[in-house]
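# Tertiary structure, described
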Amino acid sequence: EDLRLAELRKVAAYKAERVETYFTGIKNDLEVTRYFFNIKKNLPALAAFAGSPGDPRYLAAKNELDGQLRPKQAINGLADILLLEPGGKLVYSSSRGRSHKGFLKRLTEPGEKAFTEGKKRAYLSDVFRDETEGGRPAMLAAAPVLDNGMKFLGVVVFELDLAPLYGLTGDMTGMGATGEVLLGE
């Protein structure tokens, strides 16, 4: 019995470590991303010309960002990378397959809180069900974008699809009869 309990603790510790590593990686990647020159250069142009998305200046800024952020989205397994202008309106999405009805609008909750908190510091939202994506579990990670003079340019937001993480914690191999795992912070 003691041996079985020790094995269960090891499996639970392993899963907790994997989850912690995942979120540490997200936070670190968000910190790096918010300093991208490409974002600092093009977020002001997106904000200035978002009302005319056909404007060549808007399209040039969007294309430059797409070239860097779309591969980043794919490599990191992110559902989306969003850029919000200083007033909180959505001016960029890296996702090709999603249409944003919220373009040039403020995000709805939990996005509004992510913007408010993300203006001040790196922020991770609570888990929520993304009803626009079939109710899949999701989170938002947000951080401020500042120019080299520390002027606030907007907020970068990672939308996290938590299904792969749920796959890890939901794997009941070695977890006994109930397979329950409790995660907390």
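The paragraphs below set out a description of the structure included in this document.

About the criteria used
- Residues numbered from 1 in each chain as written.
- Predicted model: local features only at pLDDT ≥ 70, side-chain atom pairs only at ≥ 80, totals over all residues.
- Heavy atoms only, no water.
- Helix = DSSP H or I, 4+ residues; strand = E, 2+ residues; numbered from the N terminus.
- Buried < 20%, exposed > 50% of the residue type's maximum accessible area, 1.4 Å probe, protein only.
- Expected span 1.5 Å × (residues − 1).
- Bend = angle between axes of the 7 residues up to and from the residue.
- Contact = heavy atoms within 4.5 Å.
- Polar contact = N/O pair within 3.5 Å; in protein donor to acceptor, adjacent residues only side chain to side chain.
- Phe/Tyr/Trp six-rings, centres within 6.5 Å; stacked < 30°, edge-to-face > 60°.

### Topic: unusual backbone geometry
In this model, glutamate 109 is joined to proline 110 through a cis peptide bond whose omega is 5°. Mapped onto the fold, proline 110 is located in the loop between strand S2 (90–93) and helix H4 (111–118). Look at methionine 150: it is not a glycine, yet its phi comes out positive at around 70°. Inspection of the secondary structure puts methionine 150 in the loop between strand S5 (136–146) and strand S6 (152–161). Judged by its relative accessible area of 60%, methionine 150 falls in the exposed class.

### Some details on helix H3 (residues 56–76)
Between its first and last C-alpha atoms H3 spans 29 Å; for 21 residues at 1.5 Å apiece the expected length is 30 Å, and the two agree. Maximal helix bending in H3 amounts to about 35°, located at aspartate 66. Burial in H3 covers these residues: Tyr58, Ala61, Lys62, Leu65, Asp66, Leu69, Lys72 and Gln73. Buried residues in H3 make contact with helix H1 (2–33), helix H2 (37–49), strand S1 (78–84), S2 and S6. By the N-cap criterion, in which a side-chain oxygen at the helix start approaches the backbone nitrogen of a residue two or three places on, H3 is capped by aspartate 55, the distance to arginine 57 being 2.7 Å. Positive backbone phi, approximately 65°, marks glycine 77, located one or two places after H3.

### Details of the packing of aromatic side chains
Counted according to the given criterion, the structure contains one aromatic pair. Ring geometry for tyrosine 22 against phenylalanine 23: centres 5.1 Å apart, planes inclined by 75°, an arrangement best described as edge-to-face. On the basis of relative accessibility, which here comes to 26%, the residue tyrosine 22 falls in the partly exposed class.

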